[in-house]
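# Examining the three-dimensional arrangement
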Amino acid sequence: MQASCNCVHAATAYQHIARYSTMASADIAGVRLKPAAVEFEDAEPRKTHKRIITVQNISGASKKIRFFAPENKHFNLVVRNPDSLVATGLEVTALLEFYSDAAVDLQETIVLQADQEVVNIPVFVYKPQCFLAISGPVDFGNVVNNSKVVSVNVTLSNSGSLAGDFKLKYSGQLPVTITPATGTVPPNSTITAKVDFVAKTEGPFSEEAKVFLEGREPGTLAIRGNVVQHSLELLDPETGEKLDKLNFGSTYYGTDKLVSVNLFNNGPDVVNFVAILEEGAEGQEAGVDLTKSTAATLASKNMDKMRGTVNELTSLVSAV
């Protein structure tokens, strides 16, 4: 076993050849262990990988601290176990090396002795691999029934060190296509796949596409939406229910009563509208010039600047 410094400054000497595991530290048996577990991620073959392990005495008394190396021949523990007790606040630092001629996944243990207590420090080795993930679900929301193609993008990401293959397959009855349906995601990269849908039949839909990602179990990608006939709807502001009439109830003569409703555009596109109040064949149009046709009014660029005219027969009711 090779010797190394046991003081707190030993970690500085190792910074250029090692990095700490992302796992958090742990307080146990009166010492603070950092990291709580040692990980060798993407351990390439025929290359030496190194990690630092630090143990600090956080108890109120001096302690005897010793490291014992893993039994596996692929590991080498570089540490100088102190002959004397370690005072409160001081650290003992060890360097764990891993080497293998082949890409392997391993699990081992470093034994730490703190006075009479024994602490097992787990060691994990992970061979290089891809790690693919896909965003989702695909939600088209409300789509107008106009036989046009609408698209939603999904992201395929690879946070691993090797390239990974993917396959997306939809076998349902709806006009849904995915491009690209197969491909490869490079290491530490993302690519975009496009899901196209043609709205032809009104109503909600919920479908699934099969997802095959290298290194993972097969899964599914939810595809959903709602095909609507583009229209404006009056909704109750409290319940959200669709209204086909307004009930003013009873009120006193000479007083005003206001009934509020929500005007809901059930499609994804902007819609211009004209509000017309009718009483038999006569009525009042709010906010527009009644001398113009509806088509001319909608085509006007200054609708918000126009003033309406009032028909005396229906002046008891107005729309705002």
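Residues numbered from 1 in each chain as written. Predicted model: local features only at pLDDT ≥ 70, side-chain atom pairs only at ≥ 80, totals over all residues. Heavy atoms only, no water.

### A short note on the nonpolar core
In summary, soluble globular proteins display a tendency toward joint burial of nonpolar side chains. Judged by nonpolar contacts, the single largest core of 25 residues is most densely connected at Phe 40, Ile 53, Phe 67, Leu 96, Ile 110, Leu 112 and Ile 121. Going through the elements one at a time, strand E2 (31-34), strand E3 (38-40), strand E4 (49-57), strand E5 (65-68), strand E6 (75-78), strand E7 (91-98), strand E8 (106-114) and strand E9 (117-125) are the ones with two or more residues in this core. Ignoring any residue separated from it by four or fewer positions in sequence, one finds Phe 67 in contact with Ile 53, Val 55, Leu 77, Val 79, Asn 81, Val 92, Ala 94, Ile 110, Val 111, Leu 112 and Ile 121. Counting residues in each nonpolar core, the second largest holds 23 residues, with Leu 168, Val 176, Ala 193 and Leu 213 among its members. (Core = buried A, V, L, I, M, F, W, Y, C linked by side-chain atoms within 4.5 Å. Buried < 20%, exposed > 50% of the residue type's maximum accessible area, 1.4 Å probe, protein only. Helix = DSSP H or I, 4+ residues; strand = E, 2+ residues; numbered from the N terminus. Contact = heavy atoms within 4.5 Å.)

### So, the pairing of E2
Burial along E2 is one-sided: Val 31 and Leu 33 are buried, and none of Arg 32 and Lys 34, which face the opposite way, are. Between strand E1 (residues 26-28) and E2, which follow one another and run antiparallel, lie two residues, and Ala 29 among them has a positive phi close to 55°. Summarising the sheet, E2 and E4 pair through four bridges and their orientation is antiparallel. Note on E4: the bridge partner recorded for Val 31 is Asn 57. (Pairing = 2+ DSSP bridges.)

### A word on the confidence of the model for the protein
Scored by pLDDT, the protein has a mean of 81; 79% of the residues are at 70 or more. In this model residues 281-286 is a low-confidence stretch, pLDDT under 50, and it forms 27 contacts with partners more than four residues away in sequence or in other chains. Taken as a whole, residues 305-314 scores under 50 in pLDDT and shows 22 contacts with residues more than four places along the chain or in a different chain. (pLDDT = per-residue confidence, 0-100.)

### Some words on the pattern of salt bridges
What the rule picks out here adds up to four salt bridges. Here Lys 63 makes a salt bridge to Asp 115, at a shortest N to O gap of 3.3 Å. Placement of Lys 63 in the loop between E4 and E5 and of Asp 115 in the loop between E8 and E9 is noted, with a sequence separation of 52 residues between them. A relative accessible area of 9% means that Lys 63 is categorised as buried. (Salt bridge = Lys/Arg side-chain N within 4 Å of Asp/Glu carboxyl O.)

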